[in-house]
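Listed here are the chains, written in short residue letters.
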Amino acid sequence: MKIVEVEPIMLTEWRPMLFVRVETEDGLWGIGEAGLTSREPAVAAMISTLTEHLVGQPSDRIEHLWQMMWRSGFHPSGQVLTSAIAAIDLALWDIKAKRLGIPACDLLGGQVRDRIDTYCHIKGSSPDELVASARRAVSEGWKFLRWELFEDADGLFEPQRAIERNLLEWRILREELGDTVELCVDLHTKLSAPDAIRYCRAVERYRPFFIEDPVRSEHPEGYRRVRAQTSVPLAAGEQMGTKWQLRSLIEEELVDYLRVDLCIAGGLTEARKLAAMCEAHMMDIILHNPIGPVSTAACVEFNLGTSNSALMELPRRPGETLTGAIQHHATWRDGCLHSSDAPGLGLDVDWDALRAISFVPRALPVLHRADGSFTNW
């Protein structure tokens, strides 16, 4: 069936989100979601630009349409383009699987696991608050916890002070939780290579499950320095949009876990290729999933159908976001997501309710050092 409409929908709930509705001539629809938080209008404009290449095309030629969207402009346009492609791609997989009456993971070859381990975000303005947040999460059933380096409320971030506080948090959390809970820290590309190396060496004693994004993603070669000087498991890749950008991390085995965002890195079509590249290097994928319920649903299908997926980010469980507009049939219990075997991505959507939610642009924080210079968020 041919595509007749591609509609981007921007809204803001607990954070801004961008969805896309793709409809075929027989009235069947699919839903996708784009990443690139705080750049939603740019991605929506790219989706509208791509629409002229999609309307009238058969919806089931997913690989062909992916290649057409990627190659239809002389300039690839980076992550704005890959995020737009991702949203459309997820919707096309949703349509194809629903047309066949099967879950999207069956298009990947079927389930390779019965459930998906997930991790949540803990936070606190003091070490005591962080420990309290961790205790609550563990009492709910979470077995993997993640937090970030501390920054002041006014956006001040001083690396040495943040590192020392984080090392204190590691010690307290390990004393409080023992070794039965897995702990992860996201450095959010805030550190220089020397600081990242010093930090990673210092936390080796606490057995982190992973340390994420220790250095800037614009310079993946910087991971060579970090990898050569620490034994902690490293994770990176969420800001990158294609297999070409991620190639050095995989082929040089500079990280232990590849962080792929389905809503930035070209959707399921590109992610399955990245999974194959990782499998050749005995590397697992941990999906980056910080946004809405469509992203979560797509991550569930990818993880169920991909053998080298280790874990999944889950800041909001099914039923905790956009509850009046989108229902995800997957269930969460004991720290894991379980599939419902519903067709496609497993979502019911009230489109009128979704469109009725207003979009409020929201810029990400801009952090600074004491001398007034910028640092990464």
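As a starting point, this report considers the structure included with it. These numbers come from a predicted model, not from an experiment.

1. Examining the nonpolar core
Counting residues in hydrophobic clusters, the biggest one holds 117 residues, and the most contacted among them are Ile31, Leu145, Tyr199, Ile211, Leu258, Ile326 and Leu354. The dominant element in this core, judged by the number of residues it contributes, is helix α3 (residues 78–100), at 11 residues. With nine residues, the next largest nonpolar core counts Tyr119, Phe210, Ala235 and Leu311 among its residues.

2. Structural notes on the packing of helix α1 (residues 40–54) against helix α2 (residues 62–71)
Interhelical geometry of α1 versus α2 gives an angle of 125° and a closest axis separation of 10 Å. As summarised for this structure, α1 and α2 are arranged oblique, according to the angle between their axes. As for the relative orientation of α1 and α2, their crossing is right-handed in sense. Of α2, the residues touching α1 (which contributes Leu50, His53 and Leu54) are Leu65, Met68 and Met69. Per-class residue counts for the contact of α1 with α2 are five nonpolar, one polar and no charged.

3. Things to note about the pattern of salt bridges
For the coordinates displayed, the defined rule picks out 28 salt bridges. Its salt-bridge partner being glutamate 63, residue lysine 273 comes within 2.9 Å of it at the nearest N-O pair. Of this pair, lysine 273 sits in helix α10 (residues 267–279) while glutamate 63 sits in helix α2, and the two are 210 residues apart along the sequence. Residues glutamate 238 and arginine 259 are paired through a salt bridge, measuring 3.9 Å at the closest nitrogen-oxygen approach. Placement of glutamate 238 in the loop between β8 (234–236) and α9 (243–251) and of arginine 259 in the loop between β9 (257–258) and α10 is noted, with a sequence separation of 21 residues between them. Across the pair, arginine 259 and glutamate 238 agree in class, each one buried.

4. Notes on the sheet that holds strand β1 (residues 3–12)
Strands sit in the order β1-β2-β3 across an open sheet of three strands; the sheet is antiparallel. With one partner strand each, in any of the chains shown, β1 and β3 (29–34) form the two edges of the open sheet. The mean inter-strand angle of the sheet, taken between neighbouring strand axes irrespective of direction, is 20°. Bridge count for strand β2 (residues 16–24) against β3 is six bridges, and the pairing is antiparallel. Each residue of the ladder has a partner; that of leucine 18, found in β3, is alanine 34. Lying over the sheet, α3 contacts β1, β2 and β3, oriented at roughly 150° with respect to β3. Packing of helix α11 (residues 293–304) onto the sheet brings it into contact with β2 and β3, and relative to β3 it is tilted by some 105°.

5. Notes on the side chain of arginine 174
Considering the arrangement of structural elements, one finds arginine 174 in helix α6 (residues 159–177). Those residues within four positions of arginine 174 in sequence are excluded, and the remaining contacts are Asp179, Val181, Leu183, Tyr206 and Arg207.

6. So, the side chain of aspartate 94
Among the secondary structure elements, aspartate 94 is positioned in helix α3. Apart from the residues lying within four places of it in its own chain, the contact partners of aspartate 94 are Trp29, Gly30, Ile31, Gly344 and Leu345.

7. Quick notes on the packing of aromatic side chains
Taken as a whole and judged by the stated rule, the model has 11 aromatic pairs. A ring pair is formed by tryptophan 147 and tryptophan 170, whose centres lie 5.0 Å apart and whose planes are at 55°; its orientation type is tilted. With tryptophan 147 in strand β5 (residues 144–148) and tryptophan 170 in helix α6, the pair connects residues that are 23 residues apart, well separated along the chain. Just as tryptophan 147 is buried, tryptophan 170 falls in that class too. Pairing phenylalanine 209 with tyrosine 257 gives two aromatic rings, centres 5.4 Å apart and planes at 15°, and the pair type is stacked. Linking phenylalanine 209 in the loop between α7 (193–203) and β7 (210–212) with tyrosine 257 in strand β9, this pair joins segments that are 48 residues apart in sequence. When its relative accessible area of 17% is taken as the criterion, phenylalanine 209 is described as buried. One aromatic cluster in this structure is built from Tyr119, Phe144, Phe209, Phe210 and Tyr257. Positioned above the aromatic ring of phenylalanine 157 is the side chain of lysine 190, whose terminal nitrogen or guanidinium carbon lies 5.6 Å from the ring centre. Sitting over the ring of tryptophan 66, lysine 273 keeps its end group 5.6 Å from the ring centre.

Rules used throughout
Residues numbered from 1 in each chain as written. Predicted model: local features only at pLDDT ≥ 70, side-chain atom pairs only at ≥ 80, totals over all residues. Heavy atoms only, no water. Core = buried A, V, L, I, M, F, W, Y, C linked by side-chain atoms within 4.5 Å. Buried < 20%, exposed > 50% of the residue type's maximum accessible area, 1.4 Å probe, protein only. Helix = DSSP H or I, 4+ residues; strand = E, 2+ residues; numbered from the N terminus. Axes fitted to C-alpha atoms, helices over the stretch in contact; angles between N-to-C directions. Parallel < 35°, antiparallel > 145°, perpendicular 65-115°, else oblique. Left-handed = near helix turned anticlockwise from the far one by under 90°. Contact = heavy atoms within 4.5 Å. Nonpolar A, V, L, I, M, F, W, Y, C, P; charged D, E, K, R; others polar. Salt bridge = Lys/Arg side-chain N within 4 Å of Asp/Glu carboxyl O. Pairing = 2+ DSSP bridges. Phe/Tyr/Trp six-rings, centres within 6.5 Å; stacked < 30°, edge-to-face > 60°. Lys NZ or Arg CZ within 6 Å of the ring centre and 35° of its normal.

Just geometry here; none of it tells us what the structure is for.
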